Structures are given as structure tokens and as C-alpha cells.
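Coordinate inspection notes
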Amino acid sequence: MSGGVGESVRRPDGPAKVRGEFCYAGDLTAEGMLIGATLRSPHPHARITRIDTRAARALPGVLAVLTADDVPGDLHFGLTLRDEPVLADGVVRYAGEPVAVVAAVDAATARRATQAIEVGYEPLPAVTDPELARDGTPLHPDGNVYRHVSYGCGDPDARGVVTVENTYRIGMQDPAFLAPEAGLAQPTADGGVQLEVATQWLHSDQKQIGWATGLPPEKVHVQLGGVGGAFGGREDVTLQVHACLLALATGRPVKMEYTREESFLAHRQRHPGTIWLRHSADADGKLISVEGRVLLDGGAYASTSPVVITNTVTLLQGPYRVDNGRFEGWSVRTNNPSCGAMRGFGVPQAAFAHEAQLDALAAALGLEPLEIRLRNALQRGDVATYGQRFDAPTPVREVIEGLQAIPLPEGIPRKAPGGVGRSAEGGEIRRGIGYAVTIKNLAFSEGHVDESTAEVSLCDGHATVHTACAEVGQGFVTVAEQVARTVLGASTVEVTQPDTLIASAGSTSASRQTMASGTAVHRACLAVRDRLLDRVARAHGLDAAELTVADGVVCAAGKPLTTVAEAAPGQIFRATEHFQHPDTYALGSPEARMYVGYGFSAQRAVVDVDVELGLVSVVQVASCQDVGAVINPTQLLGQIEGGIVQGMGLALMEAVVVRDGLITNPDFQDYLIPTIVDAPEVVSTYVTDPQPGMPHGWKGVGEPPLCTAVPVVAAAVRAATGLPLPSVPIKPEHIALGLGTAPTVSWTTPRPADPARAAQVVVDEEPRDALGTMAEEGAAPARH
């Protein structure tokens, strides 16, 4: 069937976006609509001594001014922990925290109203160093440690002939989606509220709106508005609750839309962090032991910090077999901006560190970068440091070999880095080549239910697909169409706007929606097809088991019988099906299954570096990725290219600059993101080992490209400069001034692993005293 699975089908929303006709959430409007605005704290930490809203309420055109006292339901919300107030209640914990919201007849009046609100602040010391926060005075009744993870396996004290260790630092990256947050809330006749909003998780929004408004789920209807990018930054609630509270308070539609600066203040960024690693290997490069310690700055409120830290710590081993290890990590509360989900979810931080370590080991032993990775590559049947067995295809060696088969670029002259207007003419240009291989967990983990529901109907060859899967640009609308054409032989397919009238599809994150919602759609299509074939079989006196659908035609014993469009005129066939991944369990559980599955990626980067100015041009990135199956070649390549450019941004230029708790670059003039001028040539190949239990063997592909791009670009710059460069983003001064600490390399008499400790995995998640610093010798974790 034309337009089915495996073809480069065009996005159904593509033409409207190209023509500028697509309706984003910021374009929404309604009759009698008011405009909402937010008053935010200018302090990263302060006690609120008074709030006087009388002048704001008296302004002509102002219909509502709300503070914490006006929240009718539960004041607190949150994605994992309910620790964040809808509006500040006595204390503000980060600069930009919402203190009051207003609704007025237009944007100018709404802004004047926020300016008219008088707030008395008593500034408190801002704790912005995560290490000080971890051990310091609590900033919140829930304490400062979101989660502490500690576990070991085998004999962590085993040593090979060579040991390398270093401390790595990763900056704060913004999702930098192009369309700022926006939504339109409207009161409904039954006393409820309807919200159309750009989001990643409709049912999570619905639940948290219900908490704050006191409304039951059936009175909170959330529908997806047009989304202009997400990358994790729309998973948390920002304006959703505020807009609904204002609509309910005024009895009129209320639209809220953030400015770019407000967007930086309101949504979550990638966790900055510090990672200490020590790798020991034998003379052949085989890993003998790995030890790691992680400290992530979660900012003022939890968001997904308790989950991100586990990803970072458990995947510090990389895509390599590690029999002996000791790992520990903390995500902590500070008075910095809150951090949460962003594409890669803790793995880019881990990958940057573990790949730098592998390169340092290879250099010490005189091995090629890919050779040491091949010698340590995970295989199916191996056991992770946290106890989970790799019981599905684990094609680490295959992606490395696929990468090796891609020729290096030839005949490309060295390029003066710097881009338009900043050309480094006349400088010394050096070319570097770097390699990186990564592992990324797919879907939800540690017992979080990963499920989706789809409803599919078919009438006269036209199929309709309804899910709550948020289309944020990843291309699920295209995948759903392709599945319906392939399974049903539908001539036309409509994917309806996602909403909460159907059961949850979970978040559009974790590279999970093709696996979860795609499988739910596939199951619903199979059920509809079976009902259609039963109808045709009865009409023709045949056994339904003899009938098939191929290319829009119903066949009996392989011979055409009728078309799908003409098989049952006017009759509607409908089915609703649910999919849920197999259960996962918390770290340390006896079931030893934290993750649904994994994706693997290998990349090679070629860069040109002006060593005098410290400027970098990425010439080419070659990629070989484990994708399960290719569903849409064009969309797959788009995910690879986009992930590589976004990872390149973190490696070279993207950094939210926070000084004393204040973001100093909350705009796209000072927060730099790669443009088309910076984007390298991308050469992409794939390994297609089918994922067990998935239709067509598909798996998520969106995050691994970014996770690998961060370390591979850094590796290439190191190769060009000979510098250690243990921090990202790599700034011009790091190169031009040679900043950064090199790994410590030590040679020792081998100490074999103690057989009595082999294959042990021991976990301790209780915070302990004397936590130590990131760079000092680590004591063994408490065992129980």
C-alpha cells in the first residue's frame, strides 16, 4: 500500500507549516478572550513579607488578580514530587518563581497590572552551589537531596595495569524550542475547564490542573494545541494551571503566552553536573573496574530530578561490559532554575564523561579509539552493573563496525571556523577526528507504568486514529498514518487532535511514543481489520481465516475479492486497544529489570579548529544507529540530523549562564544555538535488529543521536588540539588558553577481582553522612 510502513511519507502537517498556516498554540483565539500575565520573583531566594494587590485590581480592564490565597485546591504540584507551589506561598526559591497571575482585557493592561502589585521581599542567602546545598541547611521542608543513589557490583577494588581518572563538568542546556509556551483556557458549562495547550503530556497536565482547581478529571478537558518544539521542556506544567485558574475566576476564556525571556525562566533546563570517573583496564584494554560519582543540580523544585540521576548513574558504564564497579550520585535542590527532562534525560552527561575516559585509556595503552570499544562492547546476555541482563539484541559491535564502514570525507578543504561574520582567516587550522559510542535506555523505567491507548475506526476505506499522544514534531502523526495504511489498506487516514477524552498515552518523551502509542495503534488497526474481514467473510460465505488485506484490497486465498473501500459500504468498524510495556522495577529490586529496552549509537566527527581563536567548525558527523526497523527513512534521518546538531550545541556553544541564581542570557541573542550555517554534513547508516515484542521490530530513535553527538564532537576537538577539555560546552578560551585538567593516568600491579564478590549487585539509596567530595577517594557504599 502506497504510504505504508517503510516509506518516506510526507508529514500531514508539513505543508501548512511550510506555508505559515499551521495553528500553533500562540495563534489560538476565542470570543471575549482575556490575556493572562504572571508576576515573577526577582530574587533567587527570599521571604515574602506582604502582597498588596489592591492597585492592580483597581485598574480598568483588570478582571482577576490571583495569589496563593486564591488557589481553591491543593497549592502544590509536581511531575514526580508535589513540592512546588502553584503561586509562591511565603517563600520564593528561584528567580522567576510565579508570585501572582492576572487576567485583563489586553496584554498591555495585564502587564500594567503585574507591575502594580506590591510585594515585600526579605532576601535570604541563595544557595547556588549544589555541593554546598547537598550538605547544607534545607531550602525546602522536603530537604535538599531529591535522590541519592549508591550501588556496587563485583569487586570494585579490582585493578588492571592502568587506571585513568578525571572530573568532568557539563553545563546547563536550554530546550530552546522556537515557539514559547502558550495556551487558551475556557470555562465550561458544567463548571469545569477546557485547556488547549502546547504540551508533551496531556493527562499529566489534566491531573495537576485538577489538584489546583479542586475539579475531578471529567471536568478538566485538555486538548493539544499546535506545538513548536519541545525536547522535554514542555513535560512539566508552566502556565497550564494559571490559565485555568484565571478562566474559572473570570468566567471567560483566558490566553497566556510567554515571551522568550519568560520561557527561559519558566521551563526546565538540562541538569548541569559534575562527574568523577575512574576506569581501570588490563594491558589489552579490557575494563577491569569502573568507579563513578555524580552530582546534578536540580534547581529549586524536583521535576524529574529523582529519575534523571538514576539514568546518569546507571548508564555511566556506557555500552561496555563492566564486571566490577562502584557508583554513587545525588540530585540536589539549590536556588538555581529548576531542571528536568531534556532530550537524553541524564545520558548525555554520562556519555560525555565515559567516552572521554575510554579515549584516555586508549591513548595510555596505544590502542585505536574504536578498538578499545570493540574489545569491551556489550553483547546479548551480558549483565549491567545494576543487575539487568541484556536479553534483547545488543548490537554494540554492529554499530561500531557499521561506522567503520563509512568512508572518511575526502577532498574537503580545511574550513575557517567561526561562521558568517566571524571568519578566522589566517589562523592555524587543525583537523581532528573523534569517535563515540553510547547506550540510551528507551521508554519509562523503574516501575513507572508505560502505556498507551488508541481508537481506530474505518468506513469506506477512510481510517480515523485517535490517541492522546502529543505530536511535538517527532512525527507520530506520520507513523500512525503509515500503520493504518499498512494494516487496514486505508485509502485515506485522519489522525485526530489528541485530548484527554481517550485514555492516557503517557508523555512524548523517552523515545517511547512509536513503541507505546504506535503499538496501540497497530493493535487497534488489527482489531478493526479482523472485524472488516469477518463482515466480508459472512457476505461471501467464506472463512475469515482465508482473507487478507494487501494494498487496499481484500484477498481470498491470495486472489482479489473486493477493495477495502467497497467491502462494507457505509459501515463503521471501530476498535479501542491498549498497550503496556512489561513491568520494570526500582534499582536494587530482586527482579533486576530497571529498563524496558535500549538503543545504541556510534558516531565519528570531523572538525576543523582554529587553535589561536579557539573556534570550531564541525565538518562531518557519520552515524550508525541501532533503530530496530526503519519506519520512515526521511523522518529517521531528520531525527538523526536534529539530534546531532542539538548535541553539537551542548558540546560547543549552548550554556544557560546562571550567576548568583540569575539567568543572565535568557534570549537567543546571548544564548547561542547552532544554525544551518553551523550544521555539519551528516552521513547515516542503521542496524536493524528487530526489537522483540514490537510491530515491525521498531524501537525509539530520537535521543541516541544527541547522546552520542556531545562526546563525539568533544573527542574530535581533543584530537585536533591535544587538550583534555573536560567540560562542555567547550568555549573558545578553553582551546586558545589551554584550560582544563588532564586525566590522571597511573600504572599499577594488577589486583585480580575477588571471586567471592563476583556478580554481586548491592544497592544503598539512603543518604549518608560524610558524603565526601567529587574528586576524593570514595569509600565503598553501605551494603545491605
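Residues numbered from 1 in each chain as written. Predicted model: local features only at pLDDT ≥ 70, side-chain atom pairs only at ≥ 80, totals over all residues. Heavy atoms only, no water.

**Observations concerning the nonpolar core**
The criterion, for reference: Working definition of a nonpolar core: buried Ala, Val, Leu, Ile, Met, Phe, Trp, Tyr and Cys residues. They are joined through side-chain atoms within 4.5 Å. With a 1.4 Å probe rolled over the protein chains alone, any residue whose accessible area is under 20% of its type maximum counts as buried; one over 50% counts as exposed, and the rest are partly exposed.
Formed by 94 residues in total, the largest nonpolar core has its most connected members in Y386 and V717. Judged by nonpolar contacts, the second largest core, of 92 residues, contains F77, V222, A516 and V554.

**Description of the sheet that holds strand β21 (residues 492-495)**
Heads up, the condition is: Two strands are counted as paired when DSSP detects at least two bridges linking them. Segments assigned H or I by DSSP are reported as helices when at least four residues long, segments assigned E as strands when at least two residues long, and all are numbered from the N terminus. Helix axes use the C-alpha atoms of the stretch in contact, all axes being lines fitted to C-alpha atoms, and the angles between their N-to-C directions lie in the range 0 to 180 degrees. Note on contacts: a residue pair is in contact if any heavy atoms of the two residues lie within 4.5 Å.
Judged by pairing direction, the sheet is mixed, and its 4 strands sit side by side in the order β21-β20-β19-β25 without closing on themselves. Taken across any chain shown, the strands that pair with only one partner, and hence form the sheet edges, are β21 and β25 (573-580). Averaged over all pairs of adjacent strands, the angle between their axes in this sheet comes to 20°, without regard to strand direction. Where strand β19 (residues 451-459) and strand β20 (residues 462-467) come together, 6 bridges link them in antiparallel fashion. In the sheet register, V456 faces β20, and the bridge partner there is V465. Sheet contacts for helix α12 (residues 476-488): β19, β20 and β21; angle to β21, the most-contacted strand, approximately 140°. Sheet strands in contact with helix α13 (residues 513-540) are β19, β20 and β25, and its direction is about 145° off that of β25.

**With respect to the pairing of strand β12 (residues 193-197)**
Threshold: When the strands point away from the viewer and the connection leading from the first strand across the helix to the second strand turns clockwise, the crossover is called right-handed.
Of the two faces of β12, the one holding V193, L195 and V197 is buried and the one holding Q194 and E196 is not buried anywhere. Connecting the antiparallel pair strand β11 (residues 182-187) and β12 is a turn made up of 5 residues, with G191 showing a positive phi of about 85°. Sheet analysis places β12 next to strand β13 (residues 220-224), joined by 5 bridges and oriented parallel. Note on β13: the bridge partner recorded for E196 is Q223. Once the chain exits β12 it traverses helix α5 (residues 202-213) before rejoining the sheet at β13, and the crossover so formed is right-handed.

**Concerning helix α9 (residues 347-365)**
Residues separated by three or four positions in an α-helix point in the same direction, a consequence of the helix having 3.6 residues per turn. Put simply, the test is: To estimate the expected span of a helix, subtract one from its residue number and multiply by 1.5 Å.
Its 19 residues place the ends of α9 27 Å apart at the C-alpha level, agreeing with the 27 Å of an ideal helix rising 1.5 Å per residue. In terms of burial, α9 is a largely internal element, 16 of the 19 residues being buried. Taken from the residues just after α9, G366 is the one with a positive phi, measuring 70°.

**Overview of the sheet that holds strand β30 (residues 681-687)**
The strand order across the open sheet formed by 4 strands is β18-β26-β27-β30, and the pairing between neighbours is mixed. Pairing within the sheet leaves two strands with one partner each, and these edge strands are β18 (429-445) and β30. If you compare each strand with its neighbour and ignore which way they point, the axes differ by 20° on average. Alignment of β18 against strand β26 (residues 595-610), held across 15 bridges, turns out to be antiparallel. Note on β26: the bridge partner recorded for S445 is Y595. Against the sheet, helix α15 (residues 704-721) contacts β18, β26 and β27 (615-626), and its axis sits at roughly 160° relative to β18.

**Brief notes about the domain arrangement of the protein**
Put simply, the rule is: Domain boundaries shown here were taken from an automatic or database domain assignment. Summed over both partners, buried area is the accessible surface (1.4 Å probe) that two parts give up on being assembled.
Assigned domains of the protein: these are domain 1 (273-445 + 586-763) and domain 2 (446-463 + 476-580). Spacing between the C-alpha centres of domain 1 and domain 2 amounts to 38 Å. Facing the 23 residues of domain 1 at the interface are 21 residues of domain 2. Where domain 1 abuts domain 2, roughly 1900 Å² becomes buried across the two surfaces, and 62% of that area is made up of carbon and sulfur atoms. Considering only the side of domain 1, the residues that lose the most area to domain 2 are F444, S445 and W698, jointly responsible for 33% of the buried surface there.

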